[in-house]
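Structural characterization, general
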Amino acid sequence: MGRGGVTGTGMRQRAALLALLVAFAGTAIADAPAGARSSRVPRPDVAAGAGGKCVEDTAFMRRNHMALLKHQRDRTVHDGIRTTRHSLANCVTCHVDAKTGRVTGSKDAFCEGCHTYAGVKLDCFECHADRPAAALAVDAGTPGAKP
Amino acid sequence: MSRESSPLPEARWFWALAAAGALVALAGFGAAHYMEEHGHIVTGMNNQIVWGMPHVFAIFMIVAASGVLNVASIGSVFGQAAYKVRAPLSGLLCLALLAGGLFVLMLDLGRPERIIVAATHYNFTSVFAWNVFLYSGMFAIVAVYLWSLMERRMNAWSKPAGFAAFAWRIILTTGTGSIFAFLVARQAYGTALLIPLFIVMSFAWGLAAFLIVQATMFAWNRLALPPDIQRRMGNLLGLFVVSVLFLVAVLHMVNAYFAKNLAFERFLLVDGGVYPVLFWGGYVVAGSLVPLVFLWHPRLAGPRGLVVASLLVVAGAFALLYLFIIGGQAYPLDIFPGYATRSTFGDGAFQAYVPSLPELVLGGGGLAVAFLITVVGVRVLRFLPQDDLRPAPAAAGAK
Amino acid sequence: MSDVDRGRRQILAWGAAMAGVTLAPGVTLFDLAHGRPPSEPASPKVRWGMLVDVNRCASDCDACVVACDKENGLPGEKTPTSAQWIRKVELKDMRGQTKSLPMMCQHCADPPCVDVCPTGASFKRADGIVLVDRHTCIGCRYCMMACPYKARSFVHEPVTGQRPDVPRGKGCVESCTLCVHRIDRDQIPACVEACAATGHKALLFGNLNDPASEIAQRVASYRTTAIRADLRLDPGVRYQGL
């Protein structure tokens, strides 16, 4: 290429580049931590869950619940270890919504609410029941009933 | 470049073809998305026919991919100069067909979003796990091979790269054949003969695919394939077609010899409905005997005959794979030898299968991916075989 | 009797009582090799198995199938795409004699499905139960091609209303789990329970490795076969009267 740099260097291109940089900077400033509190996406209003106290403390759970579940599932499925502390079924039993009886199904449901807010796909309940065993007693007579 | 200077209409043709290929590939993606959203209930597959039309397309493309590299191997490994100039195109087609086949295979999974799991969890008693390495290794090795062929400074490496590619591709086809060879439970599979059969099939189908693409490129550039090369490649294709026919005959003959397999062979070859039609009409006659006529009959042989024969061989390949993969599953498992069985799960019953539109579109999408890679590749880089080229004679109308 | 002797007798009596109390649960539950606490992994010392008495299986009865569907949350309808973990197979031999038997995952000791699974999702637990780890299953259906008994089903549609003990979903392959969630709670599989309830008592479940268990004794005394025995898969499910 004989010509140097970006094709057609000149005042107009430099102004456009500057405008682009300012726009990026603007969005970066707008996304400062303080701005996140009053961001466009409303934070979900999830209930704390039954019992008043989780098996681990909240901050730990927020960061590590996926790792706990992942390790527990391998131990349960492959080794048959069925301790309940970190089992998904146990989580569901406490954390169901008092009204709907599920951890999915609305933007304020315990699992689905935060996952939608965080933009992380929630894969578990494609296979796992999203409500505790007792709630299914009504459907017990009809196998595989679609509620 | 010995090509004539490209006038504007040719560029338009390229963009039109590339766009068409991209559209069909996109449709294939769409079909896969539809299948993933709704589950495989929207396909013709069920608990008896678990591998359907997408696998027919995918296995064809993967087997042809490993076989098309043969053209390059005959050049680099066996030192035939006429094939050596065809090596780069052969390498490109290998990559293209492999990509297309894997496109279909991976998108037909029950959980295609779990490809990462397949790439990180390995059970090495499974051929599928080995195939993950064989297929990705193939991409890498062929890429290096192409580089050694097309980069002048690397030309000295083309022979060792060619050897490596040849060895790898034989192992890859062995892996593909092993998928079926290891299935002890089924009468249609579970035999070691499938591995050499797949290797010879790859020779035939790969060469046929190569000839089709080569003829198209030559016609596009208004060039003629030198008659001696055309004759040699035609003879080679004929030899491969006969070899496949022989191995298929041996497979069925030996299988039918055992009393326990006779009913299955009769189903496949005599009274199984669509399967005997596909075997005799589709594969034997249209896919093997008629191509041989077009290759070797004194009046029909020629550049046109070569292309017609290649197209028929590809059609025959699809017929053979359909009855191999789907026919093999349509016949019930022989769980209780000596008993007639009946159940709610299809025991003792032949399972009907009708390919559904999403499956066909997904398969077509895979072909389109291969097509797109080829079209873009030959446009951008120098893949046209550089024989002693001369323009096509006006009277012959080589199109 | 001297005080020392009385003291000794008391100790002996208490000792015997304590020993009895400690041992008794083990003795009565010995049949099912009970007592594995939830925190303990499954043990290879146990090999769960099932014995099907074909002579007692009635042609017009499908209590085992209904029970399995209900226990595992399977759809009741029987179509080519529906999941069927257990099925009744009607047999008729070349001379016209008919038999009926249930067919399910045979829980082989050398399972072809485990050999062919690319991700290792299809696996054999230490106590012999062959399972699918649905977290790792990619839905390639190779295990379905490999299974000699056509035991596996693929889930063709989205699933809702799953039983909490039995997670299952679209896109994965599944088969009879020998009611592993019940076994781990010291219960027996639902099909065995249902068959006993009908009075046919064609199904027997137990620990094949425990010589005192009923199943081990029956298998040792009567002629039982494995289906497709020539494949040498050593299934945990054996059939008597076939």
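Residues numbered from 1 in each chain as written. Chains lettered and ligands numbered in written order. Predicted model: local features only at pLDDT ≥ 70, side-chain atom pairs only at ≥ 80, totals over all residues.

Comments concerning the overall build of chain C
Condition: The helix and strand labels rest on DSSP assignments: H or I over at least four residues marks a helix, E over at least two residues marks a strand, and numbering proceeds from the N terminus. By the convention adopted here, residues are in contact when the distance between their C-beta atoms, placed from the backbone, does not exceed 7 Å.
Each helix and strand in chain C was counted, giving 7 helices and 10 strands. Along the three orthogonal principal directions, the C-alpha set of chain C runs to about 80 × 45 × 35 Å. Residue pairs in contact within chain C that sit at least 24 positions apart in sequence constitute 61% of those at least 6 positions apart.

Concerning the overall build of chain B
Just so we agree on the cut-off: Here a residue counts as buried when 20 or more other C-beta atoms fall within 10 Å of its C-beta, as exposed when 12 or fewer do, and as partly exposed in between; the C-beta atoms come from the backbone.
In terms of helices and strands, chain B carries 13 helices and 1 strand. Traced from its N-terminal end to its C-terminal end, chain B shows the element sequence α-α-α-α-α-α-α-α-α-α-α-α-β-α. Along the three orthogonal principal directions, the C-alpha set of chain B runs to about 70 × 50 × 40 Å. With 399 residues in all, chain B has 50% of them scored as buried. The contacts of chain B with a sequence gap of at least 6 include a subset with a gap of at least 24, amounting to 76%.

A look at helix α2 (residues 63–72) of chain C
Residues and elements named next belong to chain C. The buried fraction of α2 is high, at 8 of 10 residues. Regarding α2, the residues found buried are Ala63, Cys64, Val65, Ala67, Cys68, Asp69, Glu71 and Asn72. Buried residues belonging to α2 abut β2 (86–93), β3 (98–104), α6 (190–198) and β8 (203–207). Count one or two residues on from α2 and you reach glycine 73, which has phi positive near 70 degrees.

A word on the nonpolar core
What counts is decided by this rule: By convention the nonpolar core is taken to be a set of buried residues drawn from Ala, Val, Leu, Ile, Met, Phe, Trp, Tyr and Cys and joined through C-beta atoms within 7 Å.
Among the nonpolar cores identified, the biggest contains 197 residues, and B:Leu97, B:Ala204 and B:Trp205 are the most heavily contacted of them. No other element matches helix α8 (residues 194–220) of chain B, which puts 17 residues into this core. Excluding residues that lie within four positions of it along the chain, B:Ala204 makes contacts with B:Leu237, B:Phe240, B:Val241, B:Val244 and B:Val313. Of all hydrophobic cores here, the second largest spans 10 residues; its members include A:Leu88, A:Ala109, A:Cys124 and A:Phe125.

Points about helix α9 (residues 227–257) of chain B
All names here are of chain B. To keep it simple, the criterion reads: The length a helix should cover is 1.5 Å for every residue beyond the first.
The terminal C-alpha atoms of α9 lie 44 Å apart, and with 31 residues this matches the ideal 45 Å at 1.5 Å per residue to within 8%. Those residues of α9 not exposed but buried are Gln230, Met233, Gly234, Leu237, Gly238, Phe240, Val241, Val244 and Val248. Contact partners of the buried residues in α9: α8, α11 (274–296) and α12 (303–330).

Side note on the interface of chain B and chain C
Put simply, an interface is often sized by how much accessible area is lost when its parts join up. Stated formally: Put simply, Ala, Val, Leu, Ile, Met, Phe, Trp, Tyr, Cys and Pro go in the nonpolar bin, Asp, Glu, Lys and Arg in the charged bin, and everything else, Gly too, in the polar bin.
Listed by partner, the interface residues are 38 residues for chain B and 44 residues for chain C. Mapped by element, the contributors of at least two residues to the side of chain B that touches chain C are α5 (115–120), α6 (127–150) and β1 (339–343) of chain B. Within the side of chain B that touches chain C, the residues separate by chemical class into 18 nonpolar, 16 polar and 4 charged.

A short note on the confidence of the model for chain C
Low-pLDDT portions of the prediction should not be read for the details of their coordinates. Residues and elements named next belong to chain C. Filter applied, for reference: Confidence scores per residue from the predictor, reported as pLDDT, run from 0 to 100.
Chain-level pLDDT for chain C is 90 on average; 91% of the residues reach the 70-or-more range. Counting contacts from residues 24–32, a segment whose pLDDT is below 50, to residues more than four positions away or on other chains yields 10 contacts. This complex was scored by the predictor with a pTM of 0.87 and an ipTM of 0.91.

Observations regarding the domain arrangement of chain C
What counts, and what does not: The split into domains, and so the bounds of each, comes from an automatic or database assignment of domains.
Per the domain assignment, the segments making up chain C are domain 1 (3–32) and domain 2 (48–240). Using only C-alpha atoms to locate each centre, domain 1 of chain C and domain 2 of chain C end up separated by 41 Å.

Overview of the sheet that holds β2(C)
Note the following rule: Any two strands between which DSSP finds at least two bridges are classified as paired. Only the stretch in contact is used when fitting a helix axis, every axis being a line fitted to C-alpha atoms; angles between N-to-C directions are given from 0 to 180 degrees.
The strand order across the open sheet formed by 3 strands is β1(B)-β2(C)-β3(C), and the pairing between neighbours is antiparallel. Only two strands of the sheet have a single neighbouring strand rather than two, namely β1 of chain B together with β3 of chain C. Each strand axis lies, on average, 30 degrees off the axis of its neighbour in the sheet, ignoring direction. Sheet analysis places β1(B) next to β2(C), joined by 5 bridges and oriented antiparallel. Of the residues in β2(C), the one forming a bridge with B:Tyr339 is C:Asp93. This element, α2(C), spans β2 and β3 of chain C of the sheet and lies at about 160 degrees to β2(C).

Description of the environment of B:Val375
Residues and elements named next belong to chain B. Mapped onto the secondary structure, valine 375 falls in helix α13 (residues 357–380). Residue valine 375 is classed as buried on the basis of its 20 C-beta neighbours within 10 Å. Expressed as a C-alpha distance, the spacing of valine 375 and tryptophan 15, which sit 360 residues apart in the sequence, is 9.6 Å. Those residues in contact with valine 375 that sit more than four places away from it in its chain are Leu17, Ala18 and Gly21.

Quick look at the sheet that holds strand β10 (residues 237–240) of chain C
Sheets are built from strands paired through backbone hydrogen bonds, the pairs being either parallel or antiparallel. All names here are of chain C. Spatial strand order, β8-β1-β10-β9: 4 strands in an open sheet with mixed pairing. Here the strands that pair on one side only, and so sit at the sheet edges, are β8 and β9 (224–225). In the sheet, strand β1 (residues 48–53) pairs with β8 via 5 bridges, with the strands oriented antiparallel. By the bridge assignment for β8, tryptophan 48 is matched with asparagine 207. Its contacts with the sheet put helix α7 (residues 214–221) on β1, β8, β9 and β10, and the angle it makes with β8 is roughly 110 degrees.

Overview of the packing of helix α10 (residues 259–271) of chain B against α11(B)
Residues and elements named next belong to chain B. The criterion, for reference: Just so you know how the angles are binned, under 35 degrees is roughly parallel, over 145 roughly antiparallel, 65 to 115 roughly perpendicular, and the rest oblique.
In contact at an axis separation of 5 Å, α10 and α11 are set at 70 degrees when each is read in the N-to-C sense. Comparing the axis directions of α10 and α11 gives the class roughly perpendicular. Of the residues in α11, those in contact with Leu268, Leu269, Val270 and Asp271 of α10 are Tyr275, Pro276 and Phe279. For the contact of α10 with α11, a count of residues per class yields 6 nonpolar, no polar and 1 charged.

Considerations on the pairing of β2(C)
Residues and elements named next belong to chain C. Sheet analysis places β2 next to β3, joined by 7 bridges and oriented antiparallel. Among the inter-strand pairings, arginine 87 is bridged to a residue of β3, identified as methionine 103. Hairpin connection from β2 to β3: 4 residues lie between these consecutive antiparallel strands, with glycine 96 at a positive phi of about 100 degrees.

A closer look at the packing of helix α2 (residues 53–76) of chain B against α8(B)
Residue and element names in this part refer to chain B. α8 packs onto α2 with a crossing angle of 75 degrees between their chain directions and a minimal axis gap of 6 Å. Taken together, α2 and α8 sit at an angle that is classed as roughly perpendicular. Residues Phe60, Val63, Ala64, Ser66, Gly67, Val68, Leu69, Asn70 and Val71 of α2 lie in contact with α8, whose contacting residues are Phe198, Met201, Ser202, Phe203, Trp205, Gly206, Leu207, Ala209 and Phe210.

Quick notes on the interface of chain C and chain A
Each side of the interface is counted separately: chain C has 26 residues, and chain A has 22 residues. Considering only residue class, the side of chain C that touches chain A consists of 9 nonpolar, 8 polar and 9 charged.

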